[in-house]
Amino acid sequence: TASSIPGAFNRTACIKCTPGKYSPQKGASVCLDAPPGTFVPDEGAFGLQSCNAGTFSTGGASTCASCQAGTYSDAADTSICTPCPLGTYSGSIG
């Protein structure tokens, strides 16, 4: 039978997707990893949240991590932090 609960997938019963994974449609048979630059903080999610500027995530993340000192990300949905160019610095995290 198909799942009628977004955020769950079907085996013998509907099971909530774990943090870092989501199910965007009814009737899903698997949960999908959150793509890089996004995160899914809660179980049973059917949508994604974007990482803010100053943070990043890799695939399947339940949170975004802050960019370390010496790196930056000036846009949302970032999967990596960029090293500061020559002649510049970033002394704070995030």
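This is a predicted model, so every value here is computed, not measured. (Residues numbered from 1 in each chain as written. Predicted model: local features only at pLDDT ≥ 70, side-chain atom pairs only at ≥ 80, totals over all residues. Heavy atoms only, no water.)

> Please give an account of the environment of Ala 34 that cites residues and values.
With respect to the helices and strands, Ala 34 occurs in the loop between strand S4 (32-33) and strand S5 (38-39). Considering only alpha carbons, one finds Ala 34 and Ser 57, 23 residues apart in sequence, at a separation of 9.2 Å. With residues near it in sequence (within four places) discarded, Ala 34 still touches Gly 20, Lys 21, Tyr 22, Phe 39, Val 40, Leu 48, Thr 58, Gly 59, Gly 60 and Ala 61. (Helix = DSSP H or I, 4+ residues; strand = E, 2+ residues; numbered from the N terminus. Contact = heavy atoms within 4.5 Å.)

> Any chance you could break down the state of the cysteines for me, citing the residues and the numbers?
One pass over the structure, following the stated rule, counts 3 disulfides. The cysteine Cys 84 is free of any disulfide, with Cys 67 supplying the nearest cysteine sulfur at 9.3 Å. (Disulfide = S-S within 2.5 Å.)

> Can you tell me about unusual backbone geometry, naming the residues and giving the values?
A positive phi angle, near 60 degrees, is found at Asp 77, a position not held by glycine. Turning to its location among the elements, Asp 77 is positioned in the loop between strand S9 (71-72) and strand S10 (82-83).

> Could you give an account of the pattern of salt bridges, naming the residues involved and the relevant values?
Inspection of the entire model under this criterion finds 1 salt bridge. Taking the shortest distance from any N to any O, the salt bridge between Lys 21 and Asp 33 comes out at 2.5 Å. Of this pair, Lys 21 sits in strand S3 (residues 21-22) while Asp 33 sits in strand S4, and the two are 12 residues apart along the sequence. Residue classification places Lys 21 among the partly exposed positions, given a relative accessible area of 30%. (Salt bridge = Lys/Arg side-chain N within 4 Å of Asp/Glu carboxyl O. Buried < 20%, exposed > 50% of the residue type's maximum accessible area, 1.4 Å probe, protein only.)

> Describe in detail the environment of Gly 20, supporting the description with residues and values.
In this structure, Gly 20 sits in the loop between strand S2 (14-16) and S3. As for Gly 20 and Cys 31, which are separated by 11 residues in sequence, their C-alpha atoms are 9.5 Å apart. When sequence neighbours within four positions are dropped, the list of residues in contact with Gly 20 reads Leu 32, Asp 33, Ala 34, Val 40, Gly 60, Ala 61 and Ser 62.

> Pulling in residues and values, what's your account of the side chain of Thr 38?
Relative to the helices and strands, Thr 38 resides in strand S5. Thr 38 gets classed as buried once you look at its relative accessible area, which sits at 9%. Within polar-contact distance, the side chain of Thr 38 engages the backbone oxygen of Pro 35 at 2.6 Å. Those residues in contact with Thr 38, other than ones at most four positions away along the chain, are Leu 48, Gln 49, Ser 50, Cys 51, Ser 57, Thr 58, Ala 61 and Asp 77. (Polar contact = N/O pair within 3.5 Å; in protein donor to acceptor, adjacent residues only side chain to side chain.)

> An account of the confidence of the model for the chain is needed here, citing residue identities and associated values.
Confidence in the prediction of the chain, expressed as mean pLDDT, is 89, and 87% of residues score 70 or more. Mean pLDDT across the secondary structure elements of the chain bottoms out at strand S1 (residues 8-10), with 55, and peaks at S5, with 98. (pLDDT = per-residue confidence, 0-100.)

> Which residues make up the environment of Pro 19, and what values go with them?
Mapped onto the secondary structure, Pro 19 falls in the loop between S2 and S3. Accessibility expressed as a relative area gives 40% for Pro 19, which makes it partly exposed. Expressed as a C-alpha distance, the spacing of Pro 19 and Gly 44, which sit 25 residues apart in the sequence, is 7.7 Å. Among residues more than four places away in sequence, those in contact with Pro 19 are Val 40, Pro 41, Asp 42, Glu 43 and Ser 62.

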